[in-house]
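# A closer look at the structure
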Amino acid sequence: MDRTLNWFNMPVSLQLANVGSEVNRAIQWKKRGNEDRKISFCNKAIEFLELTKKDPKNRFRVGEIDFCIEELKDYFLGENIYNTTDEMLMKYYDAFIS
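Report on the accompanying structure. Worth saying up front: this structure is predicted, and the values here are computed from it rather than measured. (Residues numbered from 1 in each chain as written. Predicted model: local features only at pLDDT ≥ 70, side-chain atom pairs only at ≥ 80, totals over all residues. Heavy atoms only, no water.)

Moving on, we come to the overall build of the protein chain. Secondary structure summary: the protein chain contains 5 helices and 0 strands in total. At 13 Å, the protein chain has a C-alpha radius of gyration in line with the 13 Å of a compact globule built from 98 residues. Overall, the C-alpha framework of the protein chain stretches about 35 × 25 × 25 Å when taken along its three principal axes. The buried share among the 98 residues of the protein chain stands at 37%. Sequence separation of at least 24 residues holds for 62% of the intrachain contacts in the protein chain that already meet a minimum separation of 6. When the accessible surface of the protein chain is summed, it comes to about 5900 Å², and 53% of that surface belongs to carbon and sulfur atoms. In the protein chain, which carries 15 positive and 16 negative side-chain charges, the distance between the mean positions of the two groups comes to 5 Å. (Helix = DSSP H or I, 4+ residues; strand = E, 2+ residues; numbered from the N terminus. Rg over C-alpha atoms; globule rule 2.2 N^0.38 Å. Buried < 20%, exposed > 50% of the residue type's maximum accessible area, 1.4 Å probe, protein only. Contact = heavy atoms within 4.5 Å. Areas by Shrake-Rupley, 256 points an atom, 1.4 Å probe, with all protein chains shown as cover. Lys, Arg positive; Asp, Glu negative; His and termini not counted. Charge placed at Lys NZ, Arg CZ, Asp CG, Glu CD.)

The following block contains the structure:
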């Protein structure tokens, strides 16, 4: 079945919980010092966020989703100009786990 269709059939809370799982994995690999795995899981989280942004039901959340993507890129791949922490990221994404 089409991956996009499956993603669009999920409620936004489940979509973002899945993003949070990838963010958590990226954090764990960051702590272990494995740059390649950290980047891989960060990119997967961003891929999921891009799918979430394309979902018609989330059209009013595009700004927030864009910021989430920007923050992940900044934290895992950039200079962390937003001074994001592991705890801040997990607090945000954990809110979507029911």
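Further remarks concern the packing of aromatic side chains. Overall, the coordinates contain 5 aromatic pairs when judged by the stated rule. For the pair Tyr75 and Phe76, a centre-to-centre distance of 4.9 Å together with 75° between the ring planes defines the contact as edge-to-face. Take Tyr75: its relative accessible area is 10%, and that puts it in the buried class. For Phe76, a relative accessible area of 3% translates into the label buried. For the ring pair Tyr92 and Phe96, a centre distance of 5.4 Å and an interplane angle of 70° mean the geometry is edge-to-face. A residue is classified by how much of its surface remains accessible, and Tyr92, at 27% relative accessible area, is partly exposed. Among the aromatic residues, those joined into a cluster by ring pairs are Tyr92, Tyr93 and Phe96. It is Arg32 that lies over the ring of Trp29; its NZ or CZ is 4.6 Å from the centre. (Phe/Tyr/Trp six-rings, centres within 6.5 Å; stacked < 30°, edge-to-face > 60°. Lys NZ or Arg CZ within 6 Å of the ring centre and 35° of its normal.)

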